Structure formats: structure tokens, C-alpha cells
Amino acid sequence: MAREPEPSIPVSGPVRLGAHLSAQGVDVAVMAAHATAVEVCFVDRTEYHTSERRFRLRKSHHGIWTGHIPGIRAGQAYGYRVHGRWDPDQGLRHNPAKLLLDPYARAVTHTPELHPALFSHVVDADLNPDSTFQADQRDSAEVGALGVVIEEHTPSVYRPNVPWDQTVIYEAHVVGLTKKLHAIPEELRGTYAGAAHPVTINHLKSLGVTAIEFLPIHAKMSEPFLTRQGKENYWGYNTLNFFAPEPSYAMASSRAAGPQAIIDEVKGMVKLLHEAGIEVILDVVYNHTCEAGPTGPTVSWRGLDNSMYYRHDAQHPGQMIDTTGCGNSLDFRRMPVISLTLDSLRYWVEQIGVDGFRFDLAVTLGREGDSFNHMHPLYVAMASDPVLSNVKLINEPWDVGNGGWRTGQFPAPTADWNDRFRDTLRSFWVTEPAAIMHGGQGGDQRDLATRIAGSADLFGHGRIPGGRGVYASVNFITAHDGFTMNDLVSYSNKHNEANGEDNRDGTDNNRSWNHGVEGPSDDPKICSARRQSMRNMFASLIFAVGTPMIVAGDEILKTQGGNNNAYCQNNDISWINWDLDDDQRNMLETVSYLLRLRRDHRVFRPTSFYTGNHAEGDAIADIAWLDHTGVFMPDYKWFDPGVRLVQALRSGFGQDADALLVINGHPDSRVVQLPQGRGTPFRLEWCSTWDRPRRTTPTYAPGALTRVDPLSLTLFFANPQ
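Residues numbered from 1 in each chain as written. Predicted model: local features only at pLDDT ≥ 70, side-chain atom pairs only at ≥ 80, totals over all residues. Heavy atoms only, no water.

**Examining the sheet that holds strand β4 (residues 35-45)**
Paired through backbone hydrogen bonds, the strands of a sheet run either parallel or antiparallel to each other. Spatially, 5 strands are ordered β1-β5-β4-β8-β11 in an open sheet, and the strand pairing comes out mixed. Looking along the sheet, the strands with just one partner apiece sit at the ends: β1 (6-7) and β11 (147-148). Where β1 lies against strand β5 (residues 50-56), 2 bridges are found, and the strand directions are parallel. Bridging across to β5, Pro7 finds its partner in Arg56. (Pairing = 2+ DSSP bridges. Helix = DSSP H or I, 4+ residues; strand = E, 2+ residues; numbered from the N terminus.)

In C-alpha cells form, the structure reads like this:
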């Protein structure tokens, strides 16, 4: 039962959005610019009874409602009821029957329960809207998520501060990373704590990664259509709150102890990873929320100020504009949206301790209406912010709106996922060989060379010489969405039947090839060819200029059975299986070895784009692209799709060994003549035909002839003297 609202006390001092404890109680502030009244409601629940205390807030400046309520302590659940106009055609959706989650809540009580009362408009049993679209009078207190008042203490955070040139990113899901890792205690599997267990950390360190990029760990709510199928949004790209961590990823003991224990588990995970020298990057989804389109649930933003938070059609304010494919898009023309984003980012850096962010569908964050502004106020604010400008900021540089592909067009100091790198390397090593073996042909090698050399065409421009720099390119071949590396060479087509959408979901542009058999094969030749293709891609990724990103499990041949969109599969399809056979151990040893070469040799980590010229005092060019005879590649050969062998000699500038990469994209072996270089011998370091690295390898004189295997990448080192 709820009493009539009581008056709150005016807040003394600066206004901070959210609920913040003081010595006497709690100060609350919430944005609801079009409301006529706002009440903060404190809810207490027992097994048999729910009580609610309401306090009227005072309208402050710029649409913010504030109040001080004495006697409130940490652990108190709360929400807001917002009064105002109900006019869906004008984008106004105020309904005080709905108890709303504070967008600034530091913790949540639980995930909302999918129920008709969760909708601000009248819906039927199938959650379809009534034709009149009237306000629903059912109270949502029993089914909605509430915020929890938390006592905050700014921790002292030690940060690894790994330089960009040494950074290797490992993209992982908190649950899938350790759910089947039997070497750790059962309670820790699939949890924040499990991600920082010594066994997990030992794998990350021995592999050679320096940063773990977690798929979203913000509190989430699954889409209604998934919930009704008994599924969930496993990946977490459906945010319920931008401050609170997802409770279900915590240990059972932490969940039982309450929200503060969940936060402490997240902080503990970050601390332990930091102590191991590993940075923590979060995938964050500020482009949309879990409230979906106009007929979706009302859990927070929609009920507070629908027309302020979301993009709407100016001619038809009741219609939402969606550049995310998720039903709604937050409107980054609005100051409250920018402030919410910045405040959330700072909270996760200063209070939780994370080291960076990857922005999902980042083009939406840079939109001003339908246009994209590469110097959007949000990005200017991040670049000039003393906290955010010192962490790693990575863009997914596209969305599904008009003009949504923007790779290379974001400002410094941010980096971009380089999809051009992904597509080029997949084409060269996977789909073009398939075409050639079936009587077709591949493409020329101009784009291959450009990607391996750092994608200067995308990241080398701008007012500052050198543009955004070589490490603005986050190079990847696989990511969470799409095929795993193993599936990329084992399936020519997607197999997403388990998702329940008749295999319509997920991209058809996979650039994959099954090497002769769709799915698992017992044919030794097919299996060997698949592993060699994977080694070619791993080596290209690791030796290319830029920041490499590897997907968790690819290093041990993880498969999802051909599912290239496992967003709703919180099960064996997505979880990493850590029971390894010999082939998996060999691949792990290979990837670890290649990453160690990258770490130990600066020749793979240049600090600026190549020019093709000699550095002062150096005897060879910073990079030389050579043909099979060891001389500079003639211009006409770059345009010839029949030329699929290239040598790249990269200078160590006399401080490191020179590195020679010999890339053979032909389906047959070829004779090559090694270059003269500095006149010092070339030692064979590694070849993609090897199942595992070798300790003893031959050395070749400058200009020597040797034969390279079909579809292979070979690395030679030449000492400077």
C-alpha cells in the first residue's frame, strides 16, 4: 500500500542526478522536463508484503526535479512516478501508474518481469497495443526494476596503462569465458569473479593479450519476443541501465548478499585483472535502450521524458526514428542524453576502474538528426575530458541509418573497428582461394597491402600530420557477431536455426568457405587446410600494423556450429569448451607464439605510417613491397589479379631485426628469390604450414632462392648486422 505523497526537503548544495547519500538521508534528482509532478518512491518488500513511501520532488532548473529525503540509507530500493500529459501522438507518455527506474541508479533490484503492467499503454495478453493506445492504469511496481541507493567510495585504482602499440585486445563474454572452465570452482564459473580467477588470468597472460574487452555488462532486459520464446539477449545489447552492472553475471553468493556485493565483485574483477597487467575495456550500448519502439515496455526513460531522450520524427512526434535496428535511438542532439553518457562513462572509470570503452553503433552517438558530425559535441567532450581522454575509446563505426558507414571518420583520440581489414583478409585467405579452386579468380593485392600496412587511407588523414595514427585501426577478422575463426573455414553458409527465426537472422556476407565439406569433417586433408587458413589469418592479423583484436576461443578452435548470430544462445553454442585436443593445443601454442613475436619485436609495432622511404641513416626503406624476384613490385602488378605473391620487407631501423613476410595466395607452391636487404642472412622464423612453431629452422643468404608452400605466409628475420 502507498500513502499520499509527502513533501521532500530542498536540496542544499550542487544538484547531482541520481540518488546520493548524505549524513541525514538521500538527495535525489531526475530529469523529467515535460512532467507536471514527480514523486520519488521508496519500496520495501518482504515475502508477504510490499510497502511504498512517496515524496513529492521540487521542480528545479532545466527540467530537473530534486528533493532531500531524511532517514534513507544504503540498500533502499526506489523509483519514480511521473505525472504529466498523455499524448502519444506528440511523443508524451507520462503515466504515474508506472514505477520507473532511475537512469542514474547505481544498482538495480532485478530484471523487469515481462507483463502487461510493464507497458504504459494498454496491451492485450499477447502484448499487442489496444487500438485506442490509451494509458494503462495497472501499477507496475510488482513487475518493474527498481534502483538501489548505494554508498559510494572512490577507490584508489592502479592502472596498467598499456601503450597503444603494445595493446592486444581479447573480446569475451563474462559468462561464456568461464562457464565451462572446470579448473575453477563451480560457483565462479560464468561470473565476474571467474573472469579474474588465477586460471583465467594465466590463460590471458600466456596467450599474450593485454586487454580484455567484455561484451556489455550494463544491466539488461531481453526483448519481449525472446522472453516469450524462453530465450534471452545473451550478448547484452539491450540496456536497462547505464550505471548498474548486470546482476546475473555475479556469483550466487553476491546476488544473495545484495547489490553492493555485486558491485564489489565487479570492482574486484577489475582490480585483479589490473594486478596482472591486463586492462579492462567495456562494450557499451548508448545508442538505444531496452524500451524498443513506441509499442515497447516503459521501464525508465520513456516514462520520464520520452520526447527528450529519444529521436522522433519532427513531422510526426509520435513516431520514433531508428538508426540502430532496435526500435529506438537515443537523441544525441539533446544535452541530457550527452550528459547521461558522459556521467556513465566517468562513473565506470572513476568508481569501477575500467580502462576504456567500445561504443556499439557509434555513428548514432555522432548524429545530429540524420547527419553525422565527426566533431560531435559528445566526442569533443570526451576528447577534452581529463578523465575520459586518458582511457581507450573505440568506435564501432557504423549504424543502420542513412550514411551509416563511417570507418576512419571519427576524431582522435578514438580508434575504430576496421571492417575493411576484416573483409580484405577474409577475402584473400578464404573466399578468393575458394573461387580460384573452382575456376574463378581472386582480386588484386592493393587493398591487402594497404590493410597490412595500417590502413593509412582511412586513418592517416587530418589536420595533424599522421592523422589519427596507426593504432586508431583496431584490426580484426572475427568478432562476437559473425562466424568464429574455426567456423569461418568450416561453413560456407550460416546455420542459425537454433535462434528460432528460420535462419533469416545474421549476415549472409560471411566471406567464408568450408574447404569442401559443410561443418565438421574427418578428412585429414580438409582439416589440415582449414587450420592452415586460420594460421594465415592469425599471422596476418598479428603482424599487421595496428591494434589486433582476437575473439575469445578462436585461439583454441571454438565453434558455434555455424551460428553466426548467437546473441540469444546462453548455452553450449556460445560457451567456450576448454577441454582441448592436440589440434587445439597446437593452435593455442601458435597464436601465443605469434603474439610473443609481436611483443618482442618492435618491427611489428611502428609508431607512424610507412612512407616507403629511408629513415635517416638507414640502409633500407621503412617498408618495401617486392615481387617474387625480390625486387620492387612494378606498378602494373598491383592491378593484376593473377599476381598473388608478394614480399614485404619491414625495417627494424637498426635497433631490431628486419622482418620479411612472404605471402603466397596461390593454390600452388612458388619459387621466390629473397631480397638483398642489408646483405645479412635471412633466418626462417615461422611458416603457416607448421602445426606448431619449430625450434630449429634454416638460414638463407640474401638473394637466395626458396620455394614457399601453397596458400601460406612465411616470416623471415634478418639481423641488422
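That shown, we press on.
**Thoughts on the environment of Ala193**
Topologically, Ala193 is positioned in helix α2 (residues 192-195). In this structure the C-alpha to C-alpha distance between Ala193 and Gln90, which are 103 residues apart in sequence, comes to 46 Å. Those residues in contact with Ala193 that lie beyond four places of it in its chain are Leu188, Met251 and Glu265. (Contact = heavy atoms within 4.5 Å.)

**Re the packing of aromatic side chains**
Using the criterion set out here, one finds 22 aromatic pairs in the structure. Seen in terms of ring centroids, Phe359 and Tyr379 are 6.5 Å apart; in terms of plane orientation they differ by 70°. Their pairing is edge-to-face. Residue Phe359 is located in strand β15 (residues 356-359), and its partner Tyr379 is located in helix α10 (residues 377-384); the two are separated by 20 residues in the primary sequence. Members of the aromatic cluster, connected to one another through ring pairs, are Phe357, Phe359, Phe372, Tyr379 and Phe410. (Phe/Tyr/Trp six-rings, centres within 6.5 Å; stacked < 30°, edge-to-face > 60°.)

**Things to note about the state of the cysteines**
Enumeration over the complete set of coordinates arrives at 0 disulfides. Looking at the unpaired Cys290, the closest cysteine sulfur is the one in Cys326, lying at 11 Å. Here Cys527 stays unpaired: no disulfide links it, and the sulfur of Cys687, its closest cysteine neighbor, is 19 Å away. (Disulfide = S-S within 2.5 Å.)

**Let's talk about helix α8 (residues 335-352)**
The end-to-end C-alpha distance of α8, which contains 18 residues, comes to 25 Å, matching closely the 26 Å that a straight helix rising 1.5 Å per residue would cover. In terms of residue burial, α8 counts as a mostly covered element, since 13 of its 18 residues are buried. Of the residues trailing α8, Gly353 is marked for its positive phi of about 100°. (Expected span 1.5 Å × (residues − 1). Buried < 20%, exposed > 50% of the residue type's maximum accessible area, 1.4 Å probe, protein only.)

**Description of unusual backbone geometry**
At the junction of Ala412 and Pro413, the peptide bond is cis and its omega measures out at 5° in the coordinates. Mapping Pro413 onto the fold places it in the loop between β18 (392-395) and β19 (415-418). Although it is not a glycine, His62 sits at a positive phi angle of roughly 55°. In this structure, His62 sits in the loop between β6 (58-59) and β7 (64-70). Accessibility expressed as a relative area gives 68% for His62, which makes it exposed. At Leu127, a position not held by glycine, the phi torsion is positive, near 70°.

**Overview of the UniProt feature "domain: Glycosyl hydrolase family 13 catalytic" (unreviewed entry) in the protein chain**
Under the present numbering, the feature "domain: Glycosyl hydrolase family 13 catalytic" (unreviewed entry) in UniProt falls on residues 167-598. When the span residues 167-598 is considered, its composition is 36% helix and 9% strand, and the gap between its end C-alpha atoms is 10 Å. (UniProt positions renumbered as here; feature names shortened; annotations may be inferred.)

**As for the pairing of β18**
Because side chains alternate across β18, one face comprises the buried residues Lys392 and Ile394, and the other comprises Leu393 and Asn395, equally buried. Where β15 lies against β18, 4 bridges are found, and the strand directions are parallel. For Gly356, the partnering residue across the bridge sits in β18 and is Lys392. The pairing of β18 with β19 spans 2 bridges and is classified as parallel. By the bridge assignment for β19, Ile394 is matched with Ala415.

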